[in-house]
Amino acid sequence: MAERATIARPYAKAAFAVAREGGTLAAWSRWLATAREVVLSDEFQKLERSPGVSTEQLEGLIAGIAGADLDAQGQAFLRLLTENGRLDFLPEIATQFKALEAEAANVAEVEIVSAMALDERQQERLAAALRTRLRREVRLTCAVDPALIGGAVVRSGDMLIDGSLRGKLERLETELTG
């Protein structure tokens with residue numbers, strides 16, 4: 001996965017620079033998010049493996065679905081990805097573009113996975129604590145994973161805080177066995 005991120009990074013940075021310079025960050029963000037969903041879809045995966053479908057046709061499909069958000073520079077970018085055989089990297093490019101956008105806006109994207117759903121008050125308290133720690137505005141995304149048993153896992157960029165009971169048990173097992 002790290003290799004895919006490494007390959008996607010220069011594309012995301014270039015796309016971000018073009019969008020920022022052109023004042024079209026919102027449109028680029030929308031079309032890249034749309035392209036991400038298209039490329040990750042089962043239907044696209046089947047088409048991509050089909051011997052009768054060319055990469056140019058896949059490019060056209062993405063462009064058609066992206067619609068008006070895809071300007072001339074976006075089309076050129078999409079063409080570049082097609083020529084370099086990188087259409088399947090659109091999900092990683094979109095994710096990194098979004099991270100660059102958040103960084104420029106001084107916003108941290110934070111994912112919280114907890115054993116039980118967090119109520120609004122708990123989310124607000126976590127957001128306040130994370131704002132203080134990260135010195136940024138915080139945009140929370142919450143998910144539930146009962147396999148954590150208790151507690152939560154917090155991710156933002158390179159930061160990972162594993163406060164889950166499952167994580168604590170795994171660390172204890174590692175200490176005891178080896």
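See the structure above.
Residues numbered from 1 in each chain as written. Predicted model: local features only at pLDDT ≥ 70, side-chain atom pairs only at ≥ 80, totals over all residues. Heavy atoms only, no water.

Asker: Could you clarify how one ought to interpret the overall build of the protein chain in this entry?
Answerer: Regarding its fold elements, the protein chain presents eight helices and four strands. Sequence-ordered secondary structure for the protein chain, helices as α and strands as β, is α-α-α-α-α-α-β-α-β-β-β-α. With respect to the three principal axes, the spread of C-alpha positions in the protein chain is 55 × 40 × 30 Å. Split into buried and exposed, the 178 residues of the protein chain put 30% on the buried side. Approximately 10,900 Å² of the protein chain is accessible, and the part contributed by carbon and sulfur atoms is 53%. Looking at the protein chain, you have 22 positive and 27 negative side-chain charges, and the mean spots of the two groups are 5 Å apart. (Helix = DSSP H or I, 4+ residues; strand = E, 2+ residues; numbered from the N terminus. Buried < 20%, exposed > 50% of the residue type's maximum accessible area, 1.4 Å probe, protein only. Areas by Shrake-Rupley, 256 points an atom, 1.4 Å probe, with all protein chains shown as cover. Lys, Arg positive; Asp, Glu negative; His and termini not counted. Charge placed at Lys NZ, Arg CZ, Asp CG, Glu CD.)

Asker: What am I meant to see in the packing of aromatic side chains here?
Answerer: When we look at a pair of aromatic rings, we describe it by the centre distance and by the angle of the planes. Under the counting rule described, the total for this entry stands at five aromatic pairs. On the basis of an interplanar angle of 55 degrees and a centroid distance of 5.5 Å, the ring pair of tryptophan 28 and tryptophan 31 is categorised as tilted. Of this pair, tryptophan 28 and tryptophan 31 are both found in helix α2 (residues 25–40), three residues apart, which corresponds to roughly one turn of the helix. Accessibility assignment for this pair places tryptophan 28 and tryptophan 31 in one class, buried. Arranged with centres 6.3 Å apart and planes meeting at 70 degrees, the rings of tryptophan 31 and phenylalanine 77 form a pair that is edge-to-face. In this pair, tryptophan 31 sits in helix α2 while phenylalanine 77 sits in helix α5 (residues 72–83), placing the two residues 46 residues apart along the sequence. (Phe/Tyr/Trp six-rings, centres within 6.5 Å; stacked < 30°, edge-to-face > 60°.)

Asker: Even after reading the chapter, I still don't get the sheet that holds strand β2 (residues 137–144), so can you show me in this structure?
Answerer: Across a sheet, paired strands are connected by hydrogen bonds in the backbone, their directions being either parallel or antiparallel. With respect to topology, four strands assemble into an open sheet ordered β2-β1-β3-β4, the strand pairing being mixed. Both outer strands of the open sheet, β2 and β4 (159–162), are each paired with one neighbouring strand and no more. For this sheet, the mean inter-axis angle between neighbouring strands, taken without regard to orientation, is 15 degrees. In this structure, strand β1 (residues 107–114) lies alongside strand β3 (residues 152–156), joined through four bridges in antiparallel fashion. Within β3, the position partnered with serine 114 by the bridge is alanine 152. (Pairing = 2+ DSSP bridges. Axes fitted to C-alpha atoms, helices over the stretch in contact; angles between N-to-C directions.)

Asker: Sorry, what's going on with the pairing of β2 here?
Answerer: In summary, the side chains of a regular strand alternate between the two faces of the sheet. Two strands pair when backbone bridges link them, and β1 and β2 are joined in this way by eight bridges, in the parallel orientation. The partner of isoleucine 112 across the bridge, within β2, is cysteine 142. Handedness of the β-α-β unit built from β1, helix α7 (residues 120–134) and β2 comes out right-handed. (Right-handed = clockwise from strand over helix to strand, strands pointing away.)

So yeah, pure geometry; function would need other evidence.
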